Amino acid sequence: MDTGDQESLCGVSSGQCRLQDDHFSSGEATEDSDAEQETFKDEEAALPPDLEWIEELYEEDSSDSDLALVADNGKKRSCAETARMFKLRRNLDQLDCFHRQKEHDVQKAREKLKLCRQNIESFLEQRNNLETKIERHKLVDNSVAVFSLRSQHKQLCQKLQYEEELEGHINTELRQRELELNEVEVELGKASLLLQEVQEEEQLFWALKAQKAVARLQRERKVSQNLEQKQRHLKQKQIAMLKKVETDCQRKTEEIQASQKIAAKYLKQTIKRMHHQAAEKEQENRELVEKRIHAVNSLKSSIAANQESLQAQQSRAKAKAQKKELQQKQLKESLQAQGINSLKHVYQQKQLEETKRKQKEFEESQKSKRVEIVAKLLQEEQLIKNRTIKQTLPLKPSTTDKFPLLKRERESLLYHLDPITPAANLQQVIDISSSLSASSDLENLEMEEIIQEDVAHQSLADSLAEPEFSGLWDQDYKKFICNTEKSTPVQKEVQQDQPSMSGRKIITTPKKVCGKELKGPSFISKPEVILFKDFEVGKMYKKKVILTNTSYTINHCKLLRVSPQLKDFISVNFEPPGPLSTGMSCDIQTIFQPMINEDLEGEIQFASAVGLFSVPVRCTIKKCNLEVDSEFIDFSSHVVGQTISKTITLTNKGALATLFSLDTSTCLSPETSHVQMSYQISANTCRDLCSEKTSNSQKSCASMDARQVQPKQESQGLSEASQQEQSETFPEACLSTDVDTRMEQISSDSSDIRIGCGKEGEIGPFESITLEVIFTPTIPGESKLDFHIKFSDMNTKPISIQVRGMAVTMPVWVVQPIIDLKICMFDLIYQDSIMVQSRATTALKLTFEVCPEMRKHMKILPKTGFIQAQSSFSAQLKFMPRTSLHKDAEKFFDRDTGVLEVPMTVQVAGQVHPAHFTVQAVVTSSDLQFDQTEVDFGFCSIYMSVRSRVRLTNLSFLPQDFGFLGVPEFIKIQPNDGFGTLLPQETLEIDLIFSANTAREYHFQLTCKSGINRDFLLSCRGVGVQPPLELSHSLVRFRATAVGDQSTAIVYLVNHHTDRNQPKQALTPDTMTFGSPRLFCFTLPENSDIRISPSAGRLLPGERCPVQVIFRPRLSDCEIKEEALRRLHQGQLLRERELKRNKCTKQETKTETPLEPSKGKKGSMNPKSNKASEEPKTDKLIESADGVDIQLGSEHYEEAKASLLRSFSQRCSEHTIPCFVSDGDPPEKDRLVQPTWSPINTLYLTLQCPAVRPPLVVISNNGHSIIDFHQVLVGQRVIKRFTVQNISDVSLDLRSSVLNINGPFSLLNALRCIRPGEMHTLVLAFTPTVNKKYFEILELQSQKMILEMTLRGEGVVPAITSSHTGGPLDFGYVLEKETASQLVQLQNNSVLAVGFRALLASQSPSRPHSGVDSVALLLDGYRGTKIRPTVGTQNHSGLSVFSVVPVEGSIAPGQSQDITITFQPDHPSVNYSDKLTIELMNKDKVCVMELKGAASSHSMYLCGGDLLTVPIESLLPPLITSHPQLTESGVMERPSIPVLVTLQARCRAGVVVPAVRELEVGCIHSPHTSKKNGEFYWDNVASLQQQGFSVKPIKGSMEAGHKRTITITWTPNSGYKPFEVVQICLPLTIKGDETNIYKVTLMALVSTTAD
């Protein structure tokens, strides 16, 4: 592998060397001038792709004049030289890389050679060692060791030989590599001059690039200057445009205001008119609501009437069924008395009735079919009459029969009207009548009459009228041709309506030529019919037709025309041949180019000397022509368990392929007659087909009645009317039962017959497919299977296949293998017969076996018998289930379900397999069970009744009648006075009402008797007592009270019992003390509209207590939620109907059906399918509406509540309120002990409460009568409005109750009279003064009701804290036109959102104008340096130098708000100041801050020292500006800034305290400055020390954003004179972005005064 790699590497390197040689040879040739120019030309003509950027570079710099410095030949020569330079550099780099690669290869080969020589030396040493060992072992005669050593010696010699060969190979390779390396080195030596030249050219190239860069930089600067100048001009234009826009906006604003004033005048009129229209619309809505209410009431009454009629119908049906059952029972008893088997007789009767019913249905279907046939015949007859009336009168042919055209047209017209001849019609009708042989003779006579009438009408149509004038018939042929061309529009219409000629040959009439009658056409065509079969759209077809003269004379023919329906697709090439003798022929060529995929029929008409003739043309598309070899398959008789198969062949004789599938359903609808994805038959489709048949039969009956064809039309009309009524009364039930029975029959019949694996597939053109049908009988009897072969081709009708097979079993079998005894009760006897059938030829012995577990409950009589040959044997089965059935037959009886299934066998002598049958029954109990064994009515007052409810359960699986007999007079049983019927497993609640007549004990029993005469007893007991208290009224009737209003009634509770009138009772539950105080308590039902006060109390003997009963009707939440769901459901239905209506309109506009019959079919199918589709949609809507969760107080809830209030109808409810009375008074020792309460002392108060619609309702606040102002800050005023509406029919005068004058609530507007439908808004205000909750009730009074409004609210004190408690807020130094910001945080610790606003003194309207405070400051003399004005220097632009964001807002509870204060000066000053006040909405101040700041035009500043000017600046710019002066050197020198520093030393007790002052030098941090640090230094510091001044530090530097303090100390010298002022001036230089010199003047003196 290494050797191969090395060889390949050598080949690659040698190739590269050759490439380099080529390059360098070309390079050497460039030494000559001529060759060099040619090379430049070539390189200039086509640069390599990697050097194209050089040309682009020179193209970009073509405009530069610097290129002239390099080359005199211009841009092209410079480009070529540069390309040559880069090419040489690239080639030299490649050569250098190649040289390094060769050196590496030589080094690698040398290492390999060295390694190989080392291996050879080691192998030689090993060989010498082995040879010495071999010699030594030879001397010892150790042959084994010698042999092994020789083998090792041999292997070592082989390795040594291999290494020597490898050494030679490596030597060769090394010499080759060294040779290549030498060649490369020689090439490098040759290229040394080129390398030097390339280096010089590169230096020149980069120098040129540097000059270009400088020139480009100068151009860019010029462009930037021009751009800046353009931007300035653009800004000036924009400013001018803005000013113009502002003027235009101001003008437009003035115009808008003027137009608004004009529009406001018309708007009032429009609003007034809209209010009037709204009132009218409201009146219309009110009337519409009333109409709907009346309609609903009428609907309720009609529903009630329908329910009554339905109950009556049900009762009549029930009575009829009972009567029928009684008749059947009597019939069974009579048959049993006569010794006839009643079950068999009943079964035979049922079979006979079923047969009669089927026969009747068959006859009715045959009648309807006859009626349809006759109706079609009559319709065709009427159509013939109508068309014969419209058409023109035909011309009478002459005796010579010269012009047969009109006669032929008449015949073709009659053929079009009735393609079948009268004889064919007659034959068809006779065939139909013969097929209906099962009908009566009278019906046959009627059918014959119909046929005769039909034949008469058709013969009448053939005998057309003749023309009155015959003058035109005598003219010659040419004039006739001209007349035919100028035919009337009626004739043209008849010609266009001619039928297709597919089924006929050439049509002509008999003529006479030369005295001979010409039978047939004068010319015959070959072929007789031009047939284009199975054509494809877009292709061209040609047919050649030969016309032969068959007349007896010389004849000629001429092409007249092609049928209109074919003229767009067929063209005829025909050259008239001239006169043709008899037997001569001519050719025509027919070309057919189909454009549509439809069947076409017509003719090509020719004219001859004898007359006209035509050649039929028929064009047919590709179709499917499917048929089977047999439509009936008979498997004959086969034994159960055997499998046999037969095949049928499905053949497609057409040229179109189609899909087929086998469908075993019996009825095919138009939708399922073709191959689809699913093959299920829907009940709706069957119902539609039935409705179509019914409508067709009704139409045919109507036409027959009009014609009076049948003599028994009245009876048939009555029968059809009765059938129609029955079908309309029970359409769905009959249809469902019919479909179910048919489907069950299909499933049962076709279970043994099945279709093979090929149930669906594709059949190609002219192809046959074999289908397999398999018969595997499992149950004896006839098996049927009717299936259809459906096709995907819509024009192919399904093919029906009938399969029949008979399964036979063993010679003896049980006719009924499953004997179902239905539902049986315990301890009752049930009988049934067992029928055994034999088809054997000899008599056989039968033995019936009953399993041992069932011998106590079941018997078969006789147990043994003989069945005769080919006859039947009947045995009697007796079944009497006992209660021990679940123990005796545990494996056959399921105790939980009551199902009993017992397998039985019949042993047959001489037969191996016995006959099996199964006895099935459902065994149930006949018990009626009460849920309790004893009913205790307890203590019952003699004034009241006690009701107890028991549950009676039917434990049987059969319905049972029951009744309570012998009921005492003080007991009432409901419902139905204790009589009724219990369905299986049904539980009925029975109310037992006990009314005690006297105070005593009652013990009695109630007897419930079942329908099978079983008694069930129920024990009852009770005690009659007399209560100690009495109500003055036990019944209270309230007035009609509006919803939201209240009515009050007062009743009295009296304690009549004293010591003298103590009743004498024989029976009492406990020892009761009469004549003692009693405690009472009223208990109200939950969620009732009743309030009782007092609801509890204590009554002394002989005392009475007034009890106030309040009735306040309201709407329950359940009613409101139901109304909300109803409204949602109604809205969804309306939207769904609108969508359906829109879909229907879209479908009607889109559907374009050319055929009317198809429209009728679709119309008959769509409505029911639409109904079927609407039902699940309505169910989905109801489910979606019920699924909505109506929340209390939601929008749907309030809308439903308002709707119920407006549509509220009068209702009356009745409540029974119990009043519990104690047995006595609590003991005197402990009044807190609860006394005993006895139910026998309970009183009952009945309340009748009528509620009506309220005349006044609240329409705002979501209909709530509670106005909650919630929490409001103290001192803040909140206003709320609520609106009421008069929904009654009369006007209402509103009044209100008086609110608390000192309270926080107040009514701000007056009340007035509101007419029906009007609204009035009340304005309420809430102004809390202290921190507490408030509550008050406002009554809104009218004539019919009092509306109570609850007012409530709570006052809350705000709690706001600030992060800045007050005092000055200093922003320090800022560069001019830059900003500095600080944050102040406000924290809301209260429970309400608190509003705030930030006020600046500079923007306050109460601030003194025109600098009044500044003037006062100046007049004051400005003696204090710490005194400053509130509002200091402002910006020259007129904007405030301080801004606050946000200016106002609201802070949520528990949240904080950051307020950003921004300092933005526009000119240098140190006197910026303002005052910021943050206050709440109730004028409470949170904090007050003094804002200060300074601005500088440079990054370095100096602050401190004494003020030299007043702290007030003018907004005007300075009139005198200081200009910089020129020094002697010509450099601009800025003016120095004066600074005054005053130092006062203190002299205390002869000791002088040095004076100290500080100056601050700072560097402002700004991203816009290029220099980020600064420095300062003092000049002439030596002169300071002579005067006693010292400055520290003398110089220094600082970073941006920092500042340093300069301390100036003055200590008086020893020769200081008192009160002498020491003054010195020295410069302080500060360097930042600019250098500023401050002239600092130091003034010092000694002060003896205190600070």
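Bear in mind the structure is a predicted one, so any value in this text is a computation, not a measurement.

Looking at the overall build of the chain
- Each helix and strand in the chain was counted, giving 21 helices and 79 strands.
- Within the chain, residue pairs in contact and separated by at least 24 positions form 72% of the contacts whose partners lie at least 6 positions apart.
- Just so you have it, the chain exposes about 100000 Å², and 53% of that area is on carbon and sulfur atoms.

Points about the nonpolar core
- Core analysis: the biggest nonpolar cluster contains 37 residues, and F1038, L1053, F1080, F1082, V1109, L1245 and L1247 have the highest contact counts within it.
- Contributions of two or more residues to this core are made by strand 42 (1047-1054), strand 43 (1078-1082), strand 44 (1090-1093), strand 46 (1104-1111), helix 17 (1117-1150), helix 19 (1195-1206), strand 47 (1211-1221) and strand 48 (1243-1252).
- Ranked by the residues each element gives to this core, the list is headed by strand 48, at 5 residues.
- Other than its neighbours up to four places away in sequence, F1038 contacts S1047, T1048, A1049, V1109, F1111, L1247, Q1248, C1249 and P1250.
- Ranked by size, the runner-up nonpolar core spans 35 residues in total, among them A840, C851, F879 and V919.

Section: the packing of aromatic side chains
- Tallied over the entire structure, the rule returns 30 aromatic pairs.
- On the numbers, 6.4 Å between centres and 90° between planes, the contact of F962 with F964 is edge-to-face. In this pair, the class of F962 matches that of F964, namely buried.
- A centroid spacing of 5.8 Å and a plane angle of 35° characterise the contact between F1371 and F1463, whose relative ring orientation is tilted. One end of the pair, F1371, is in strand 60 (residues 1367-1375); the other, F1463, is in strand 65 (residues 1456-1463), and 92 residues separate them in sequence. By the burial criterion, F1371 is buried, and F1463 matches it.
- Every member of this aromatic cluster is reached through a ring pair, and the members are F937, F970, F994, Y1002 and F1004.

A few points about the sheet that holds strand 17 (residues 767-775)
- Spatially, 4 strands are ordered 11-13-17-15 in an open sheet, and the strand pairing comes out antiparallel. Strands at the two margins of the open sheet, each flanked by one partner only, are strand 11 (626-628) and strand 15 (753-755). Recorded for the sheet is a direction-independent mean angle of 25° between the axes of neighbouring strands.

Regarding the confidence of the model for the chain
- Within the chain, residue pLDDT values average 76, and 75% of them lie at 70 or more.
- With pLDDT under 50 throughout, residues 1153-1187 is counted as low confidence; its partners more than four residues away or in other chains account for 28 contacts.

Section: the sheet that holds strand 36 (residues 987-994)
- Spatially, 30-32-36-34 is the arrangement adopted by the 4 strands of the open sheet, whose pairing is antiparallel. The strands lining the two open edges of the sheet, one partner per strand, are strand 30 (928-930) and strand 34 (971-974). The mean angle between the axes of side-by-side strands here comes to 30°, regardless of whether they run parallel or antiparallel.
- Inspection of the sheet shows strand 30 paired to strand 32 (residues 946-954) by 3 bridges, in the antiparallel sense. Residue pairing for strand 32: F930 is matched across the bridge by L952.

Points about the side chain of S551
- Mapped onto the elements of the fold, S551 is located in the loop between strand 5 (541-549) and strand 6 (557-562).
- Polar side-chain contacts of S551 include one of 3.2 Å to the backbone oxygen of T553.

Reading guide: rules and limits
- Residues numbered from 1 in each chain as written.
- Predicted model: local features only at pLDDT ≥ 70, side-chain atom pairs only at ≥ 80, totals over all residues.
- Heavy atoms only, no water.
- Helix = DSSP H or I, 4+ residues; strand = E, 2+ residues; numbered from the N terminus.
- Contact = heavy atoms within 4.5 Å.
- Areas by Shrake-Rupley, 256 points an atom, 1.4 Å probe, with all protein chains shown as cover.
- Core = buried A, V, L, I, M, F, W, Y, C linked by side-chain atoms within 4.5 Å.
- Buried < 20%, exposed > 50% of the residue type's maximum accessible area, 1.4 Å probe, protein only.
- Phe/Tyr/Trp six-rings, centres within 6.5 Å; stacked < 30°, edge-to-face > 60°.
- Pairing = 2+ DSSP bridges.
- Axes fitted to C-alpha atoms, helices over the stretch in contact; angles between N-to-C directions.
- pLDDT = per-residue confidence, 0-100.
- Polar contact = N/O pair within 3.5 Å; in protein donor to acceptor, adjacent residues only side chain to side chain.

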